[in-house]
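Here's the letter readout for the chains.
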Amino acid sequence: MTAGSAAAPVVEVADVTLRFKGVTAINGVSFTVGEHELFAIIGPNGAGKTSIFNVLSGVYRPQEGSVRFLGEPVLGRRPHTIAARGMARTFQNIELFENLTVIDNLMLGRAHAVRYGMFAAAGWLGPARRSELADRAAVEDIVDFLELAQYRGFPVGLLPYGVQKRVELGRALAMEPKLLLLDEPVAGMNLEETEDMARFILDIRDELEIPMIMVEHDMGLVMDLADRVLVVDFGVPITTGTPVEVQRNPDVVKAYLGEDHATGGRRSKAPSAAGTAAAGEHP
Amino acid sequence: MTATEPRRAEAATGSTPGTGPTARSGGRRPRGRPAMYTTYAQDMALLNTRGKKVGLGALLVLAVLLPFVLQDDLLRLLATGCVLSIGAIGLNLVTGYAGQVSLGHAFFLGVGAYTASVVAGDPEDEEVWGLGITFLPVWLLAAGVVAAVLGLVVAPLASRLRGLYLAIVTLGLVFIGEHVFREWDSLTGGVGVGRQAAEPVLFGMDLSRRSESFSGDQQMYWLMLAMLLLFALVGRNIARSAMGRSFAAVRDRDIAAEITGVDVRRVKRRAFVVSSFYAGCAGALWYSILGFIDPSSFGLLLSVQFIAMVLIGGVATISGSIMGAFFIALLPRLTRELPAYLPFLSSSATDTPNVFQFETLLYGLLIVLFLIFEPRGLYGVWIRVRNYWKAWPFSY
Ligand SMILES: Nc1ncnc2c1ncn2[C@@H]1O[C@H](COP(=O)(O)OP(=O)(O)OP(=O)(O)O)[C@@H](O)[C@H]1O
Ligand SMILES: [Mg+2]
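Rules used in this analysis
Residues numbered from 1 in each chain as written. Chains lettered and ligands numbered in written order. Predicted model: local features only at pLDDT ≥ 70, side-chain atom pairs only at ≥ 80, totals over all residues. Heavy atoms only, no water. Helix = DSSP H or I, 4+ residues; strand = E, 2+ residues; numbered from the N terminus. Buried < 20%, exposed > 50% of the residue type's maximum accessible area, 1.4 Å probe, protein only. Contact = heavy atoms within 4.5 Å. Areas by Shrake-Rupley, 256 points an atom, 1.4 Å probe, with all protein chains shown as cover. Phe/Tyr/Trp six-rings, centres within 6.5 Å; stacked < 30°, edge-to-face > 60°. Lys NZ or Arg CZ within 6 Å of the ring centre and 35° of its normal. Pairing = 2+ DSSP bridges. Right-handed = clockwise from strand over helix to strand, strands pointing away. Domains from an automatic or database assignment. Buried area = accessible area lost by both parts, 1.4 Å probe. Salt bridge = Lys/Arg side-chain N within 4 Å of Asp/Glu carboxyl O. Polar contact = N/O pair within 3.5 Å; in protein donor to acceptor, adjacent residues only side chain to side chain. Nonpolar A, V, L, I, M, F, W, Y, C, P; charged D, E, K, R; others polar. Donors = N, O, S within 2.8 Å, 3.2 Å for Na, K, Ca; no water. Near = heavy atom within 4 Å.

Considerations on the overall build of chain A
A count of helices and strands for chain A gives ten helices and ten strands. When each of the 283 residues of chain A is scored for burial, the buried share is 54%. Contacts in chain A between residues far apart in sequence, at least 24 positions, make up 67% of those at least 6 positions apart. Total accessible area on chain A stands at roughly 11,800 Å², and carbon and sulfur atoms take up 51% of it.

Rendered as structure tokens:
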């Protein structure tokens, strides 16, 4: 499992520090993600993982540090321009447009591809019609890919949680991303849904070849899928390395379990040797 | 259930165009399966079922034939309904679809009304301005464009304020507008004096005057019906386009919208521009039906009436906007009949309680009732009725 970091990096984060009143959510975090790489960020609750995503996608602006995406600086740009450059994301707490159908939610992911203006829309003129049809076809491919066909016309708010998570992934894919940020993609899912999601994530990496950063508490999943792992605790980076290296790092175990527990044996919450199956073997 | 099983099953999969390349190129539906779509274009069409096509067709025929049976005063009321519908669609686009509460709608109606009458006004008149261009498309477009430009000026407020704060700032807009309309005599003629409305001249003919074969009210009704169709069609097109989707995205979750690449500021700007354009055109047309409007008419009450149309008709639907507008347009006509049945209500504005007070009360009451019992408005009621008959005789 060689890390893809040797290739031109997709994203370079250098010494980023983000403070809120009284809280330092991110404290000097640096990492790079290479092409075709599945990079994971793990850490206990409140460690600053989601905040890192918010910095990357332009929602928060850090006080220090720099972020480059596809070679260009990101900080200070508005989220929608970063999105248009090819950064897509899912949210820890699903952020879908509940009143809209699955198709419309995915179509919204195609904002970057819309090539017609107000007047073409008002008259439903050729450019509008062609653009809509092309986007619809692209969206239908994603519907097939994520096996969402049966939910197509339903308002998203009525769908089960696991399906909503998948729709959100679909919306991100509709953006034709150059980098995909997944914030806890299997949180709250049952085993079957988790396995489906793992399969989709692998397909995205292997078939669509989209580099990903994944935040996840499910250690089994992280250890199975990730090429490299960054561990953060209270905003501070503890270590970066392959899943195996990270699991062996005593600081990591300490961060998760506190000083008292020497060996990490508490189910899948902490990285443990149980989750070292190779990525390809996952169902 | 068995009797309707196949049809209902078809309806369920009806919105499911076949996947794969062949499905995308073929345009015809398989014989005997009218509810099955084989292309995305069919699925995306405005009238995507036969029921909708037939229903709308019948409604249109009826609407076009009405002038041959109805009295002129009723026709004028219906023409007003058409125009208010245009205004309501405009408000629904910004408030219902894009979620930006605006109490300033009356201001944009006023801007449209006076722009049109300036463009069409008599240049010889010494009291008020006039450019003397009475050709309807010109003054209508001018009314829409001037209102839209002012909408563009107001839009940045929506990027900084939301919800209640935006509502209050747009409320300020109505007050400023009302003041300007009252005081700016060369534009509006001033309170109590007013000015002549734009003459609706088309094909060299003033449609508001009686012609050889038709009365002015008949012609105005047809004109306004055609206008409503045009504006409703454009409204539906906007709603089903990427623009309409981005409106809904901004309304439902603006952070997520930004992160999926929607430029939230631009979307809000567009929503205000489109909405104000609609309001401007509606104001101009409304003025041309009434012939005269006092400058104090474009106040808060008018804005509230439009909010009532949207809420009663149905938020974020075009057909709902039309239902709501007609409801509000026809309501006074019904309440004026009330004193005959409720003797304690007076038809004179000087007595209390009178029908006008009752009307105002009714707006408030209806808004509250609809919000509580049928938030989807008349449109929601219609959907329920339709689904009931679709499933009849089964009650589920
Ligand atoms: N907008 C904000 N304002 C103030 N504090 C914030 C804000 N966003 C995050 N924080 C704080 O920053 C810290 C990191 O939060 P963050 O959401 O990034 O953690 P996380 O690692 O994603 O946690 P979890 O695993 O629970 O999702 C927390 O202490 C949190 O309270
Ligand atoms: Mg988080």
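Re the overall build of chain B
Along chain B, the regular secondary structure elements total 18 helices and two strands. For chain B, the residues scored as buried account for 50% of the 396 residues in total. Counting contacts in chain B only where the partners sit at least 6 residues apart, residues at least 24 apart contribute 67% of the total. Within the structure as shown, chain B displays about 18,900 Å² of accessible surface, and the carbon and sulfur contribution to it stands at 65%.

Details of the packing of aromatic side chains
All chains considered together, the criterion is met by eleven aromatic pairs over all chains. Ring plane angle 80° and centroid distance 5.1 Å describe the contact between F20(A) and Y60(A), whose orientation is recorded as edge-to-face. Linking F20(A) in strand β1 (residues 9-20) with Y60(A) in the loop between α1 (49-56) and β4 (64-69), this pair joins segments that are 40 residues apart in sequence. On the accessibility criterion, Y60(A) (30% relative accessible area) is partly exposed. Pairing Y114(B) with F181(B) gives two aromatic rings, centres 5.3 Å apart and planes at 45°, and the pair type is tilted. Taken together, the residues span a long stretch of sequence, with Y114(B) in helix α6 (residues 105-120) and F181(B) in helix α8 (residues 163-183) at a distance of 67 residues. Look at F181(B) and you get buried, because its relative accessible area is 4%. For R199(A), the ring lying beneath its charged end belongs to F200(A), and the centroid distance is 5.0 Å.

Quick look at the pairing of strand β8 (residues 212-215) of chain A
Each regular strand displays side chains that alternate between the two surfaces of the sheet. Residue and element names in this part refer to chain A. Every second residue of β8 is oriented toward a common face, with M212 and M214 on one face and I213 and V215 on the other, all of them buried. As paired elements, strand β3 (residues 38-42) and β8 share four bridges and run parallel to each other. By the bridge assignment for β8, A40 is matched with M214. Judged from the four bridges that link them, strand β7 (residues 179-183) and β8 form a sheet pairing that is parallel. Looking at β8, one finds that L180 is bridged to M212. The parallel pair β7 and β8, bridged by helix α7 (residues 191-208), forms a crossover whose chirality is right-handed.

Quick word on the domain arrangement of chain A
Residue and element names in this part refer to chain A. Segmenting chain A into domains produces domain 1 (4-86 + 177-280) and domain 2 (97-174). Each partner contributes to the interface: domain 1 provides 18 residues, whereas domain 2 provides ten residues. Taken together, both faces of the contact between domain 1 and domain 2 bury some 1,100 Å²; the carbon and sulfur share is 73%. At the boundary of domain 1 and domain 2, one finds one salt bridge.

Description of α1(A)
Summarising burial for α1(A): seven of the eight residues are buried, a large majority. After α1(A) finishes, the residue G58(A) shows a positive phi value of roughly 90°.

Section: the interface of chain B and chain A
Often, the extent of an interface is quoted as the loss of accessible area on bringing the components together. Across the boundary between the two partners, chain B contributes 35 residues, which contact 39 residues of chain A. Note on chain B versus chain A: buried area summed over both sides is about 3,300 Å², and carbon and sulfur give 61% of it. Of all residues in chain B, R245(B), R253(B) and I259(B) bury the most surface against chain A, accounting for 23% of the area lost on that side. Summed over the shared surface of chain B and chain A, the result is four salt bridges. The partner of E95(A) in a salt bridge is R253(B), and the shortest N-O contact between them spans 2.9 Å. For the interface between chain B and chain A, the tally reads ten residue pairs in polar contact (both at pLDDT 80 or more). Secondary-structure elements contributing two or more residues to the side of chain B that touches chain A are α3 (40-44), α10 (216-240), α11 (242-252), α12 (254-259) and α13 (264-290) of chain B. Examining the composition of the side of chain B that touches chain A, we find that eight residues originate from one element, α11(B), more than from any other. Split by residue class, the side of chain B that touches chain A holds 16 nonpolar, eight polar and eleven charged.

Quick look at the pattern of salt bridges
All names here are of chain A. For the structure shown, the criterion picks out 21 salt bridges over all chains. In this structure, R19 and E64 form a salt bridge, with 2.7 Å as the shortest nitrogen-oxygen distance. One end of the pair, R19, is in strand β1; the other, E64, is in strand β4, and 45 residues separate them in sequence. Residue classification places E64 among the partly exposed positions, given a relative accessible area of 39%. Look at the salt bridges and you will find they share partners, linking E72, R77 and R85 into a network.

Some thoughts on the coordination of the magnesium ion (ligand 2)
In the first shell of the magnesium ion (ligand 2), the protein supplies T50(A) (OG1) and Q92(A) (OE1), at 1.9 to 2.1 Å from the metal. A residue pair is termed long-range when its members are at least 10 positions apart, and T50(A) in helix α1 and Q92(A) in the loop between β6 (87-89) and α3 (102-108) qualify at 42 residues.

Some points on the sheet that holds β4(A)
Residue and element names in this part refer to chain A. Taken in spatial order, the four strands line up as β2-β1-β4-β5 in an open sheet, and their pairing is antiparallel. Edge strands, defined here as strands with exactly one partner in the open sheet, are β2 (23-34) and β5 (72-73). Bridge count between β1 and β2: nine bridges; the pairing is antiparallel. Within the sheet, the bridge partner assigned to T17 lies in β2 and is N27.

Considering the side chain of D254(B)
Turning to its location among the elements, D254(B) is positioned in helix α12. The class for D254(B) is buried, based on a relative accessible area of 18%.

Quick word on the site of ligand 1
Residues and elements named next belong to chain A. As a structural note, the neighbourhood of ligand 1 is formed by 14 residues, with G46, K49, T50, S51 and Q92 the closest of them. For ligand 1, an oxygen atom lies 2.9 Å from a polar atom in the backbone of G48. H217 places a polar side-chain atom, nitrogen or oxygen, 2.9 Å from an oxygen atom of ligand 1. Taken by itself ligand 1 offers 630 Å² of open surface, and the protein chains cover 66% of this. Of all elements in the fold, only β2 and α1 reach the threshold of two or more residues within the shell around ligand 1. For the shell around ligand 1, the leading source of residues is α1, giving three residues. In terms of residue class, the shell around ligand 1 is built from five nonpolar, seven polar and two charged.

Remarks on the environment of A120(B)
All names here are of chain B. Mapped onto the elements of the fold, A120 is located in helix α6. For A120 and K268, which are 148 residues apart along the polypeptide, the C-alpha to C-alpha distance reads 32 Å. Setting aside chain neighbours within four positions, we find A120 in contact with G132, I133, T134, W139, A198 and E199.

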